Structure formats: C-alpha cells, structure tokens
Amino acid sequence: MILYHGEILNNSLQDKIIASLGDELNNTLAKGYFPSPFEVLEAIKVIYQEVINHKYDNIILPLLKQYDIPESMFVHYASLFSPESLKRKVEIELGDYLNLPSKLDNSTIRERYPLGVLFHIAAGNVDGLPSYSVIEGLLSGNINLLKLPSGDNGLSIMILKRLIDVNPRLKDFIYVFDVPSTEVSSIKKLADLSDAIAVWGGDLVNKAVREFADIKTKIISWGHKVSFAYVDNYVSDDELKALMHSLASSEQLLCSSVQGIYLDTDSLDELSAFAKRCFDIISKENLKLKPSPIAAKGKNALLFYNEILERKSAKGLYLDNGVSVIVKEDYELEASWQFRNLWIKRLPHEKIVSVLKKNHDHLQSVGLSVKKENISVIQNLLAQAGLSRITKLDQTSRMIIGEAHDGVYPLKVYSRIVEKDISKL
Amino acid sequence: MSYRYKLFHLKDPYKLEGTDDLFVKAMKENCLYQYQHCPDYKRILDSFHFDINSLKTIDDLASLPFIPTLYFKHHELYSMPKKRMIVKATSSGTSSGIKSKIGFNAGSLLLAFAMVRKIFAYHHIWSLKPTHFIIFGYEPKRTNQTAISKTGYGFTFTAPPLSKDYAIRYVDGKYQVDLENIKNKLIKYSKGKAPVRTLGFPAYTYFLLRDMKEQGIFLKMPKGSLITIGGGWKQFYAEQIDKKAFYALVKEVLDIDEDHIVEFFGAVEHPILYTDCKAHHFHIPVYGRVIIRDVNTLKPVPNGKMGIINLLTPLVKSVPLLSICTDDIGILHDEKCECGLNTPYLEIVGRVGLSDIKTCTAGAEDLLKEMKI
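Calculation criteria
Residues numbered from 1 in each chain as written. Chains lettered and ligands numbered in written order. Predicted model: local features only at pLDDT ≥ 70, side-chain atom pairs only at ≥ 80, totals over all residues. Heavy atoms only, no water. Helix = DSSP H or I, 4+ residues; strand = E, 2+ residues; numbered from the N terminus. Buried < 20%, exposed > 50% of the residue type's maximum accessible area, 1.4 Å probe, protein only. Contact = heavy atoms within 4.5 Å. Rg over C-alpha atoms; globule rule 2.2 N^0.38 Å. Areas by Shrake-Rupley, 256 points an atom, 1.4 Å probe, with all protein chains shown as cover. Lys, Arg positive; Asp, Glu negative; His and termini not counted. Charge placed at Lys NZ, Arg CZ, Asp CG, Glu CD. Salt bridge = Lys/Arg side-chain N within 4 Å of Asp/Glu carboxyl O. Domains from an automatic or database assignment. Buried area = accessible area lost by both parts, 1.4 Å probe. Polar contact = N/O pair within 3.5 Å; in protein donor to acceptor, adjacent residues only side chain to side chain. Nonpolar A, V, L, I, M, F, W, Y, C, P; charged D, E, K, R; others polar. Core = buried A, V, L, I, M, F, W, Y, C linked by side-chain atoms within 4.5 Å. Patch = residues over 30% accessible without salt bridge, like charges linked within 9 Å, V, L, I, M, F, W, Y side chains within 5 Å. Phe/Tyr/Trp six-rings, centres within 6.5 Å; stacked < 30°, edge-to-face > 60°. Axes fitted to C-alpha atoms, helices over the stretch in contact; angles between N-to-C directions. Parallel < 35°, antiparallel > 145°, perpendicular 65-115°, else oblique. Expected span 1.5 Å × (residues − 1). Pairing = 2+ DSSP bridges.

Draft legend 1. View of the overall build of chain B. Scanning chain B from terminus to terminus reveals 10 helices and 15 strands. The buried share of chain B, reckoned over its 373 residues, is 54%. Within chain B, residue pairs in contact and separated by at least 24 positions form 67% of the contacts whose partners lie at least 6 positions apart.

Here it is in structure tokens:
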C-alpha cells in the first residue's frame, strides 16, 4: 500500500510515481504555500476527537490486546496527542520561531521556513510511530516522504490518510511508500529528492544511510540511545521497588528504559553488597508483577547460564523467576539482555564525565537517586557527560508534553530561518 | 567394544525400552574421555563439582552440566588434534550470525553413518530408483562448511541421482538464490517418470510453491516423489504458516501426498537425526535423549510441559557434545502416537528470544539486514 495525493494505491504504481516525484515536489514548493502548525493541529483535533469517541476501537483495541497495553495507559498516551498538548508542544518547540517574521535590523527580517522535503526512515517498534514522525514534519511545514518499516500493520497509513481527508491541502505534503529495503535504488531516489533524512535507528543503520545519501542531504538521527540508573547507597527500598515496576512495564525495550545501575562508589565490596540488596528487593517485587513472556525468560536463563560458564563461577550473578542481576567490575556503559536483566557497576561521581563522555551520542535518560546534598553536582556532571534527561529512578520513560527529544526540539530541527532584505519594500 | 559402538549398532532405532542402561554407560564412557582430553570441558565439570561416577541411571543425566549452543559460538572445544577431524562443520548462524564450529573424527562419523542407515531404512528413505534431486540450499563448495550444505549434499546419495539442482548456486565467486531455475526444473521433471526428491529449509520450499500457485502452475510429480524439509520452521514464525497449510500447498501445487513429506530435525551441535513419523512427530531414537528444562530454573520439567530443549548423545568423541542446550523451546510428549511407536516425541514450539519483539531500533535495523551493508 502506498499513499499518494491522499489516495491509497497499489504498490505496483510505486516506481512510476517515484520517477516523476521530483517535479511534483518542486511544483508544490513553487506554489509558495506550506501548512502552518496550527492548520495541522486543527486537522489532528478532528482525528483525536474520533479516537476518544471510539471510532477506531476496531483497530486500536486489538493492538492493545496484542501488546498487552492497558486501556488506561493508552488513554494517558492518547492525551499527549490532544490538541491542547500538541499546541503546547508547538509553542515550546518552536518558541521564538512562532513570533517570526521579525526584524533583525532595519532592512532585514527573519522568517521561519520548513527544511523543505523530509524523508522519514522510521522504526517499527511502536505502531503508529512512523505517522508520528511525519506529523512532526508536518507541524514544521515540510513535505514528508515516509518509507514504511517492514511489517507495518497499516496504522500509520490509515492515520495519515485520515489527516488528508480532514484537510485536503495536506495531500501534497504527505507521501507514503512501501519500498522494501532491498530496493536500494528506490530508497536512494527518495533520499536524493530530500533536504533531510530523519532516521530512527542505531549506528549501523545511520552508517548505511550515510553510504547511500548524497553529501548535500542532511541526516537527522533519532536513536539508538541507552539509559541507566545512577544511585548511591542511600537509595530507598521503595525506590528500587518502583524501578522494578518500570523495568517490567517496558521490558527494557525502549531507549529510555534503564539497562543497568551505576553505584556511586569505587569499592567492589560496596558494589557486591548493593547488588545483593538490590536483587533481594527487585526479585521479591517481581513476584507481584505479570511475568515476562516464556521465550524471553528462556533466553535470559540461557544467557545467565552461559555467563556462569564464561566467568568460571557464579559469583556476582543472581537470577530468580526471570529477574537477573549481573555484577560487573568494569565501568563501561552497555545494553542489558533486556526483559528484567540489570547490570550493576561502580562509578564514583568524580569519574562520570570521563567514563560516559565517550558514549555521548548514545546517552539519553538517567534515573537518579543520590543523597540530597549531591543531587545538583551529580545532575550537572551527568548533563556535562551528555545525558539529556535526568529523572527520578523509575521515571526515565515518563512523557511530558513539550519535553525535548534526545536533547533537541524536532520542530526546530525541521525548520530553518530565512533572512530577507526588505529595504526596497 | 565400546558402549558407544554398541548403542549405535542397536538393531531397532526406535526401541527405546531397555536401552537406558546402555545409553548411560555410553555417556559416562564418553564423558570420562572428554574430561581427560578437553581442558575447557574439565574446567566446566569441575566448576559445577560434577562427579562423573555419579552417572548411574538415566535420571542422573539431568545433573550432567550441559553446554548451551551459544557457548560453542565463542569457544572451540576440541578433545583431539584438529587433524583427526576429517569433517568440519558450522551451524548456519541464523539467530546471531555467529557460527558454532564443530569437527568430527572418523570414528564418530562411522557411528553417525550407522545411525543414518538405520533411520533412513525405518522411514523408507533409501531407494534404488534413479531420482532427480532438488536441494533448497547451497551448492556444495569447499569453502562452505555449514552443516546444512553438507547434509544437503549427503542426501543426494539416498537414491541413484539422475540430476542434482541447488536453489542457491555458486556463480562468479558468490552464492545466488535462483528459485526460477528450480521452478523450471520441477516443471520439466513433472513431465518425466523418474521421481523427484527435494530437501531444504521449509521456508524456501514454501515460498517457491506459493509463487507457483500464484502463477497458476500446478504440477503432478512422478510417483514416488518425496518432499523432505529440514533446518526448522523458524522462518515461518513471521508468516504464521502452520505445517498443515504447508502440506496442503505441496498437495495442491505438486500433487504429492502428506505421507510423502518428511521432516528432519538436528543441529550441528547435536548431530542426531530426528525424522518425523507419518503423524509428523519427532520420536526420540535410541541414540539420543531429550530433557526439557524450566525457563526459570533450567531444572528438568515433566513430560508435557514446555521448556528449553536439552539434547544428549554420546555420539561425538572429537568435541564434548554430550549434553547441549539449544535455543529452541519445546515439549516432550508421552501420548500414544498413531504411527505405532511408543517412544516419546519432541514438539518444537519456537525459539527463545522472541523473534517478534522489536526494540527501539529494530525496525530500522531491518533496513540494514535487507541491504546487507
């Protein structure tokens, strides 16, 4: 399925459409119009009302069931897309850009323009995420070309089609293609038509995109990020229990999920004692939670057993009912096995910058719990190392309207400033 | 005569009754050899404080430390000089891209041939009728050491070969999938009288047959033709195709009945040949034993319960493959089987690690995999 001028068409027409797309995009740009964020918000408002009035329950409810998401959580997340929330997002992200055009000096004005054409290579880990990426592009006025991730269930195309139905002026600003990644030449053509490529993926994907993208095309990378917890021995039992709930709710699959815990110490003895305490608390708490899927438990049980063979001992390794804790003596930031597996390492706060800075491009959230007098100092060290979100221990995956995405505001990243001489006007 | 030799020369490959004692003795005999000749294996057994002399009954085998196939991907465990390993094979590396490297000495291979001879005889695989072979796998090359390519080649000796065609051909220094050629060969052979035998991943076979159906190509393969599949159904999980649908497709496109579709299961780390019966069950032959382990504790679970598949055999002497743990999840069934065998049978349910779970970047990582950059 592809979406072209607001119509859902068969994939067989794709090559033909891509071949003539360049002229069409130029024609759209030449008309001089691009949607304002508030025009896009008006269209989203209609769809939001339809969602909360259960118009799409036949699609949404099975998805919630498939991924075991409580309806209450969906309602919470849906509220992030309410017109009020998105208006706030626009106001915060575009900030002073919203007051443009404005004078730079007596003869020059500054005006906000979109980058032009954005090509989105979206991840498929969250249903509908590709459409969210496009909506961000639209809110900043861009023409959006979306390559659907393989295995997309059609939700994104449905949302974007509805958006065009509500506001037909958006039809020249949304194109969705179902290009298999094997068709490198088609992907390259789309990339060549774009001013920027928004990539949702890790280093290897970024490398692949850099290889086929022209040097003049800007690459805007979202991910892959790693998040962790940073604590000292003052962390309370209740905080660790709350962390367990947070691990279980995302199964550590998100960029913002805690992968491991750094303890503010350089002592291996303190590290061992903390790991034991932490495991006792979280493994008990885990019994109150819905278990991980059997295949995930099996994977981690085998990895755990393999770790015993590799280490030649079970010292510092804890596993019970699908929760595992691995004590490691090095300082390096790494991903966990996910599905309720935590590494625990030492990291005295004096070493935060020197240890973490080399991962600056991968750092995202940190759940922090240290004694009150150290909070400011450690928050500052973590920020200097490259972290972009410092939260309570269990809140790394929380969502707040208007928060930055990996430390920047997408709507601003997708915009540019044009300065115009007005002296003869 | 060693216990291993006796075990692999038992007359009936599926008469499990009364063989436990011999199986344990063969395992103990091989375990002692591995302990004395493979330092890494000795270290593993010692780290678990395992006493080989504690192996007395079939139930004691559960306490023999197993080695996950994952471990073989990062360690080469050999119990004899490499020059004595006349066949080297690797796993296909489907789940991680990293392959296990296993070597087989002549003695182990001879026992394996004895096993294959009897199992194929039981399942009526041997034939004297000249046959066209179609392998949905790699054309053999000296540089390709995957076990699957070696077994594919070996399979072409189950009947006098009239021709051998491979779906993945070695052209200009690299492998290329050429299903079109296979399709044309199937069309050609369907017009003749000689039977056709296919072997390969079920997914490849399935995709070709599905395309043929879409193109309206329906054939009647010569009498005695056989579809054999091996290498697991893992590629099918995303397709949500069950075995029954596959059998129906084979019947529809090639006019081959379900009783002429045979599936094999095995692993390079556990080279025992599991062949499905007419009810499509993998009965446990006398040469191996299966323990299903709990996903939380890795302790054995009763038959009928799902868990991680642990496979045991004393077959191989060159590498300590006595007890290995796969990344498959399965169930060992005790139920009576309509084929008449009363040994337990293994049902492979899936793989550990959730192929359908996607992390933040997994969707986009598809791009990379598909682009092969």
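Draft legend 2. Structural view of the overall build of chain A. Secondary structure assignment for chain A yields 15 helices and 17 strands. In terms of overall size, chain A behaves like a compact globule, its C-alpha atoms giving a radius of gyration of 24 Å where 425 residues would be expected to give roughly 22 Å. A buried classification covers 53% of the 425 residues belonging to chain A. Of all intrachain contacts in chain A linking residues separated by at least 6 positions in sequence, the fraction that spans at least 24 positions is 73%. Surface accessibility of chain A: about 18,800 Å² in total, with carbon and sulfur atoms responsible for 54%. Measuring between centres, the 50 positive side-chain charges of chain A sit 1 Å from its 54 negative side-chain charges.

Draft legend 3. Local environment of unusual backbone geometry. Of note, the bond from L100(A) into P101(A) is cis; its omega dihedral lies within 30 degrees of zero at 0°. With respect to the secondary-structure elements, P101(A) resides in the loop between α5 (83-94) and β3 (102-103). Look at R340(A): it is not a glycine, yet its phi comes out positive at around 75°. Its location among the elements puts R340(A) in the loop between β13 (323-327) and β14 (341-346). For R340(A), a relative accessible area of 3% gives the class buried. Its identity as a non-glycine residue notwithstanding, L298(B) has a phi of 60°, on the positive side.

Draft legend 4. Seen up close, the pattern of salt bridges. With the rule as written, the count across this model stands at 43 salt bridges over all chains. Here D21(B) ties to K25(B) by a salt bridge, and the two come within 3.0 Å at their closest N and O atoms. Of this pair, D21(B) and K25(B) both sit in helix α2 (residues 20-37), separated by 4 residues, roughly a single helical turn. Among the residues examined, D21(B) registers a relative accessible area of 44% and is labelled partly exposed. On the basis of relative accessibility, which here comes to 35%, the residue K25(B) falls in the partly exposed class. Each of K328(A), D330(A), E334(A) and K345(A) takes part in salt bridges that share partners, so that together they form one network.

Draft legend 5. Main features of the domain arrangement of chain A. All names here are of chain A. The domain boundaries assigned to chain A delineate domain 1 (2-223 + 406-421) and domain 2 (226-392). Domain 1 and domain 2 are separated by 35 Å when their C-alpha centres are compared. The interface is formed by 4 residues belonging to domain 1 together with 4 residues belonging to domain 2. With both chains or domains summed, domain 1 and domain 2 bury close to 430 Å², and 42% of this area falls on carbon and sulfur atoms. If you look at where domain 1 meets domain 2, you find 0 salt bridges. Across the domain 1-domain 2 interface, the total number found is 1 residue pair in polar contact (both at pLDDT 80 or more). Considered class by class, the residues forming the side of domain 1 that touches domain 2 number no nonpolar, 1 polar and 3 charged.

Draft legend 6. Highlighting the environment of H120(A). Residue and element names in this part refer to chain A. Tracing the chain through its elements places H120 in strand β5 (residues 117-121). Residue H120 is classed as buried on the basis of its relative accessible area, which comes to 0%. Here the alpha-carbon distance between H120 and G22, two residues 98 residues apart in the chain, equals 16 Å. Ignoring sequence-local partners within four residues, the contact set of H120 consists of S133, V134, N144, L145, L146, K147 and A198.

Draft legend 7. Structural detail: the nonpolar core. Counting residues in each nonpolar core, the largest one holds 88 residues, and the members touching the most others are L64(B), V290(B) and L346(B). If you tally residues by element for this core, the top one is α2(B), at 7 residues. The residues touching L64(B), leaving out its near neighbours within four places in the chain, are M27(B), C31(B), Y41(B), L45(B), F50(B), L55(B), L322(B) and S323(B). If you look at the next biggest cluster of nonpolar residues, it comprises 65 residues, including L21(A), V40(A), A123(A) and L160(A).

Draft legend 8. Looking closely at a nonpolar patch on the surface. Taken together, the side chains of M73(A), Y77(A) and M399(A) present a nonpolar region at the surface, about 240 Å² in accessible area. Its location among the elements puts Y77(A) in helix α4 (residues 71-79).

Draft legend 9. Examining the packing of aromatic side chains more closely. Residue and element names in this part refer to chain B. Going through the model one piece at a time under the given rule, you end up with 20 aromatic pairs over all chains. Relative to F264, the ring of F155 lies with its centre 6.2 Å away and its plane at 65°, an arrangement referred to as edge-to-face. Of this pair, F155 sits in helix α6 (residues 147-155) while F264 sits in strand β9 (residues 261-267); the two residues are 109 residues apart in sequence, bridging distant segments of the chain. What makes F155 buried here is its relative accessible area of 3%. Assessed through its relative accessible area of 10%, F264 is described here as buried. Put simply, the rings of F120, W126, F133, F155 and F264 touch in pairs and so form one group of aromatic residues.

Draft legend 10. The packing of helix α2 (residues 37-52) of chain A against helix α6 (residues 129-139) of chain A, seen in detail. Residues and elements named next belong to chain A. Their axes nearest at 8 Å, the elements α2 and α6 cross at an angle of 140°. Between α2 and α6, the angle falls in the class oblique. Residues P37, V40, L41 and I44 of α2 form the contact with α6, whose participating residues are I135, L138 and L139.

Draft legend 11. The arrangement of helix α5 (residues 106-122) of chain B in detail. Residues and elements named next belong to chain B. The end-to-end C-alpha distance of α5 is 24 Å, a good match for the 24 Å that 17 residues give at a rise of 1.5 Å each. Within the sequence span of α5, burial applies to S108, L109, L111, A112, A114, M115, K118, I119 and F120. Where α5 terminates, the next one or two residues include H124, which has phi positive at roughly 55°.

Draft legend 12. Inspection of the sheet that holds β3(A) at higher detail. Residue and element names in this part refer to chain A. Taken in spatial order, the 3 strands make up an open sheet running β3-β4-β17, and their pairing is antiparallel. Looking at which strands have only one partner, the edges of the open sheet turn out to be β3 and β17 (415-421). Relative to β17, strand β4 (residues 108-114) is paired through 7 bridges, and the arrangement is antiparallel. Note on β17: the bridge partner recorded for E111 is V418.

Draft legend 13. Representation of the environment of F279(A). Residue and element names in this part refer to chain A. Its place among the elements puts F279 in helix α11 (residues 268-286). Classification of F279 as buried rests on a relative accessible area of 9%. Placed 250 residues apart in sequence, F279 and L29 show a C-alpha to C-alpha distance of 58 Å.

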